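As a plain string of letters, each chain reads:
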Amino acid sequence: MPGPVRAAQIVIFATTGLAVLLTVLVAVAAGAEASGRFFATYLMSAVLCVLAFRYPTAGNGVRVTSLVLASVQILFALGATARGVPLGILPLGSAVAVVVLLSQGSAGQWFRRHRTNAVPPPHF
(Lines give C-alpha, C1' and ligand atoms only; values in the text may rest on other atoms or scores of the structure.)
Protein backbone atom coordinates (compact mmCIF):
# COMPACT_ATOMS: atom_id res chain seq x y z
CA MET A 1 0.00 0.00 0.00
CA PRO A 2 1.55 3.34 -1.00
CA GLY A 3 2.30 6.00 1.59
CA PRO A 4 -0.56 8.40 0.75
CA VAL A 5 -3.17 5.63 1.03
CA ARG A 6 -1.76 4.44 4.36
CA ALA A 7 -1.56 8.03 5.62
CA ALA A 8 -5.21 8.62 4.66
CA GLN A 9 -6.16 5.42 6.47
CA ILE A 10 -4.33 6.53 9.63
CA VAL A 11 -5.90 10.01 9.50
CA ILE A 12 -9.36 8.45 9.22
CA PHE A 13 -8.75 6.02 12.11
CA ALA A 14 -7.32 8.74 14.35
CA THR A 15 -10.14 11.17 13.59
CA THR A 16 -12.83 8.58 14.25
CA GLY A 17 -11.20 7.45 17.49
CA LEU A 18 -10.89 11.03 18.68
CA ALA A 19 -14.50 11.71 17.68
CA VAL A 20 -15.78 8.81 19.77
CA LEU A 21 -13.67 9.87 22.75
CA LEU A 22 -14.76 13.51 22.53
CA THR A 23 -18.41 12.51 22.07
CA VAL A 24 -18.28 10.48 25.27
CA LEU A 25 -16.70 13.42 27.09
CA VAL A 26 -19.38 15.79 25.80
CA ALA A 27 -22.08 13.31 26.86
CA VAL A 28 -20.69 13.19 30.38
CA ALA A 29 -20.30 16.95 30.61
CA ALA A 30 -23.36 18.27 28.77
CA GLY A 31 -25.77 15.40 28.17
CA ALA A 32 -26.98 13.18 25.38
CA GLU A 33 -28.47 15.86 23.15
CA ALA A 34 -25.29 17.93 23.13
CA SER A 35 -23.19 14.85 22.40
CA GLY A 36 -25.47 13.95 19.49
CA ARG A 37 -25.07 17.41 18.01
CA PHE A 38 -21.33 17.15 18.52
CA PHE A 39 -21.07 13.73 16.86
CA ALA A 40 -23.04 14.94 13.84
CA THR A 41 -19.93 16.89 12.91
CA TYR A 42 -18.00 13.60 12.69
CA LEU A 43 -20.72 11.50 11.04
CA MET A 44 -18.97 10.97 7.73
CA SER A 45 -15.75 10.12 9.55
CA ALA A 46 -17.48 7.10 11.05
CA VAL A 47 -18.54 5.91 7.59
CA LEU A 48 -15.05 6.62 6.24
CA CYS A 49 -13.64 4.46 9.03
CA VAL A 50 -15.61 1.48 7.76
CA LEU A 51 -14.32 2.10 4.22
CA ALA A 52 -10.73 2.54 5.42
CA PHE A 53 -10.66 -1.07 6.59
CA ARG A 54 -11.22 -2.09 2.96
CA TYR A 55 -8.31 -0.06 1.50
CA PRO A 56 -5.86 -2.99 1.31
CA THR A 57 -8.14 -5.10 -0.90
CA ALA A 58 -10.69 -2.73 -2.45
CA GLY A 59 -11.00 -1.30 -5.92
CA ASN A 60 -11.33 2.23 -7.21
CA GLY A 61 -14.98 2.50 -6.12
CA VAL A 62 -13.93 2.61 -2.47
CA ARG A 63 -11.47 5.41 -3.26
CA VAL A 64 -14.11 7.44 -5.10
CA THR A 65 -16.65 6.86 -2.32
CA SER A 66 -14.08 7.95 0.25
CA LEU A 67 -13.38 11.12 -1.71
CA VAL A 68 -17.10 11.95 -1.93
CA LEU A 69 -17.69 11.25 1.77
CA ALA A 70 -14.65 13.32 2.77
CA SER A 71 -16.03 16.18 0.67
CA VAL A 72 -19.38 15.91 2.46
CA GLN A 73 -17.45 15.84 5.75
CA ILE A 74 -15.86 19.15 4.76
CA LEU A 75 -19.34 20.67 4.39
CA PHE A 76 -20.47 19.27 7.76
CA ALA A 77 -17.33 20.59 9.44
CA LEU A 78 -17.75 24.03 7.89
CA GLY A 79 -21.28 24.17 9.26
CA ALA A 80 -20.12 23.05 12.69
CA THR A 81 -17.33 25.59 12.71
CA ALA A 82 -19.81 28.32 11.79
CA ARG A 83 -22.08 27.21 14.65
CA GLY A 84 -19.18 27.43 17.07
CA VAL A 85 -18.86 23.72 17.85
CA PRO A 86 -15.71 23.18 19.92
CA LEU A 87 -13.01 21.47 17.86
CA GLY A 88 -15.14 21.80 14.72
CA ILE A 89 -11.98 22.58 12.79
CA LEU A 90 -10.55 19.09 13.45
CA PRO A 91 -12.86 17.16 11.10
CA LEU A 92 -12.39 19.89 8.51
CA GLY A 93 -8.62 19.46 8.53
CA SER A 94 -8.76 15.69 8.51
CA ALA A 95 -11.27 15.59 5.63
CA VAL A 96 -9.13 17.96 3.58
CA ALA A 97 -6.10 15.76 4.31
CA VAL A 98 -7.99 12.65 3.17
CA VAL A 99 -9.08 14.33 -0.07
CA VAL A 100 -5.52 15.48 -0.80
CA LEU A 101 -3.96 12.11 0.02
CA LEU A 102 -6.45 10.00 -1.95
CA SER A 103 -6.28 12.35 -4.95
CA GLN A 104 -2.61 11.64 -5.54
CA GLY A 105 -1.58 9.56 -8.52
CA SER A 106 -0.06 6.73 -6.52
CA ALA A 107 -3.34 6.32 -4.61
CA GLY A 108 -5.27 6.06 -7.87
CA GLN A 109 -2.82 3.50 -9.20
CA TRP A 110 -3.10 1.45 -6.01
CA PHE A 111 -6.87 1.20 -6.17
CA ARG A 112 -6.84 0.46 -9.92
CA ARG A 113 -4.14 -2.21 -9.71
CA HIS A 114 -4.61 -5.61 -11.27
CA ARG A 115 -5.61 -8.32 -8.82
CA THR A 116 -4.66 -11.91 -9.58
CA ASN A 117 -7.92 -13.60 -8.51
CA ALA A 118 -10.34 -10.94 -9.64
CA VAL A 119 -11.52 -9.37 -12.85
CA PRO A 120 -9.32 -6.40 -13.65
CA PRO A 121 -11.12 -3.08 -13.31
CA PRO A 122 -11.90 -1.19 -16.51
CA HIS A 123 -9.57 1.69 -17.37
CA PHE A 124 -11.37 4.71 -18.69
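Source: prediction; values computed, not measured.

**Points about the overall build of the protein chain**
Alright, step 1. In terms of regular secondary structure, the protein chain is built from 6 helices and 0 strands.
Alright, step 2. Scanning the protein chain from its N terminus toward the C terminus, one meets helices and strands in the order α-α-α-α-α-α.
Alright, step 3. When its C-alpha atoms are laid out on the principal axes, the protein chain stretches across 50 × 25 × 20 Å.
Alright, step 4. In the protein chain, which comprises 124 residues, the share counted as buried stands at 39%.
Alright, step 5. Of all intrachain contacts in the protein chain linking residues separated by at least 6 positions in sequence, the fraction that spans at least 24 positions is 68%.
Alright, step 6. On the protein chain, roughly 6,700 Å² of surface is accessible, and the fraction owed to carbon and sulfur atoms is 72%.

**Focus on the environment of Ser94**
Alright, step 1. Within the secondary structure, Ser94 is located in helix H5 (residues 89–102).
Alright, step 2. With 52 residues separating them along the chain, Ser94 and Tyr42 place their C-alpha atoms 10 Å apart.
Alright, step 3. With sequence-adjacent residues up to four places away left out, Ser94 is seen in contact with Val11 and Thr15.

**As for the environment of Gln109**
Alright, step 1. Among the secondary structure elements, Gln109 is positioned in helix H6 (residues 105–111).
Alright, step 2. Residues Gln109 and Pro2, spaced 107 residues apart in sequence, show a C-alpha to C-alpha distance of 9.3 Å.

About the cut-offs
Residues numbered from 1 in each chain as written. Predicted model: local features only at pLDDT ≥ 70, side-chain atom pairs only at ≥ 80, totals over all residues. Heavy atoms only, no water. Helix = DSSP H or I, 4+ residues; strand = E, 2+ residues; numbered from the N terminus. Buried < 20%, exposed > 50% of the residue type's maximum accessible area, 1.4 Å probe, protein only. Contact = heavy atoms within 4.5 Å. Areas by Shrake-Rupley, 256 points an atom, 1.4 Å probe, with all protein chains shown as cover.

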